[in-house]
Amino acid sequence: MRMLSTLAVLSLACGANAADLKLTGDNTKIEWTGHKKDGKHSGGFKTLTGTATTSEKIAFTIEIDVDSLHSDDDKLTAHLKAPDFFNAKDHPKAKFASSKVVKTDKGHTVTGELTLLGKSKEISFPATITASDKALSLKAEFQINRADYGMTYGKGKVNDEVDLKVSVD
């Protein structure tokens, strides 16, 4: 589930001055891959909204419409939206809010709070961030543990670790 936070981080275009930039499903992509003993499935989220602020430091918030979840199998998509997984009816939004973005010798580390199924947890992940006076992009690949948020359906058959890939352009 760390994927959600990564995508939220850096899908922005920014000017030379401090600005609030809109994050949408058009400029920010959050994709996931879940693994099981006999294979894997992938998908993402089509609808999200958020804001990235560029000033002395980068900060952003993102809200994901859980019902916009899609996968490589229609039957699986319906099951992922059900109470066994994301419970889209009772928890229609997933959220990520950054608390800090730190430059490292290998890129950046993004830290923030990810909320899924009404449970919040601080996560950190590595990201590649490129900035100019006109644009900012972010690329991140990391894992989150679905069980940390109460997603335990299929324990022993479905891996708890979920790969996330986030890009912002």
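It should be noted that the structure appears before, not after, this text.
Conventions used here
- Residues numbered from 1 in each chain as written.
- Predicted model: local features only at pLDDT ≥ 70, side-chain atom pairs only at ≥ 80, totals over all residues.
- Heavy atoms only, no water.
- Pairing = 2+ DSSP bridges.
- Helix = DSSP H or I, 4+ residues; strand = E, 2+ residues; numbered from the N terminus.
- Buried < 20%, exposed > 50% of the residue type's maximum accessible area, 1.4 Å probe, protein only.
- Salt bridge = Lys/Arg side-chain N within 4 Å of Asp/Glu carboxyl O.
- Arc of directions from axis to C-beta.
- Contact = heavy atoms within 4.5 Å.
- Polar contact = N/O pair within 3.5 Å; in protein donor to acceptor, adjacent residues only side chain to side chain.

Where strand β3 (residues 28-36) meets strand β4 (residues 39-45), seven bridges bridge the pair, whose relative direction is antiparallel. The residue bridging isoleucine 30 from the neighbouring strand is phenylalanine 45, located in β4.

Below, the discussion takes up unusual backbone geometry. What you tend to see is this: most non-glycine residues have negative phi, and most peptide bonds are trans. With a phi close to 50 degrees, asparagine 87 is a non-glycine residue in the positive phi region. As for its position among the elements, asparagine 87 is in the loop between α2 (74-81) and β8 (93-104). Taking relative accessible area as the criterion, asparagine 87 reaches 14% and is therefore assigned buried. The phi dihedral of leucine 117 is positive, around 55 degrees, even though this residue is not glycine. One can find leucine 117 in the loop between β9 (107-116) and β10 (119-131). Taking relative accessible area as the criterion, leucine 117 reaches 15% and is therefore assigned buried.

On to the pattern of salt bridges. Scanning the model with the defined rule gives seven salt bridges in all. Here lysine 95 makes a salt bridge to glutamate 63, at a shortest N to O gap of 3.9 Å. Here lysine 95, found in strand β8, pairs with glutamate 63, found in strand β6 (residues 58-65); they are 32 residues apart in sequence, far enough to count as distant. Among the ionic pairs, lysine 121 bridges to aspartate 148, the shortest N-O distance being 3.9 Å. Here lysine 121, found in strand β10, pairs with aspartate 148, found in the loop between β11 (136-145) and β12 (158-168); they are 27 residues apart in sequence, far enough to count as distant. What you see here is one network of salt bridges that share partners, running through Arg146, Lys155 and Asp160.

Let us now look at α2. What α2 keeps buried is the set Leu76, Thr77 and Leu80. Taken around the axis of α2, the buried residues stretch over an arc of 105 degrees, which confines them to a single face. Residues of α2 that are exposed and point over 90 degrees away from its buried face: Asp74, Lys75 and Ala78. Taken together, the buried residues of α2 touch β3, β4 and β7 (69-71). Among the residues of α2, the N-terminal cap falls to aspartate 73, whose side-chain oxygen and the backbone nitrogen of lysine 75 are separated by 3.0 Å.

Okay, the pairing of β8 next. Summarising the sheet, β6 and β8 pair through five bridges and their orientation is antiparallel. Across the sheet, isoleucine 62 pairs through a bridge with phenylalanine 96, a residue of β8. Direction of pairing for β8 relative to β9: antiparallel, over a ladder of nine bridges. Across the sheet, the residue bridging to serine 98 is glycine 112, located in β9. Between β8 and β9, which pair antiparallel and follow one another directly, the connecting turn spans two residues.

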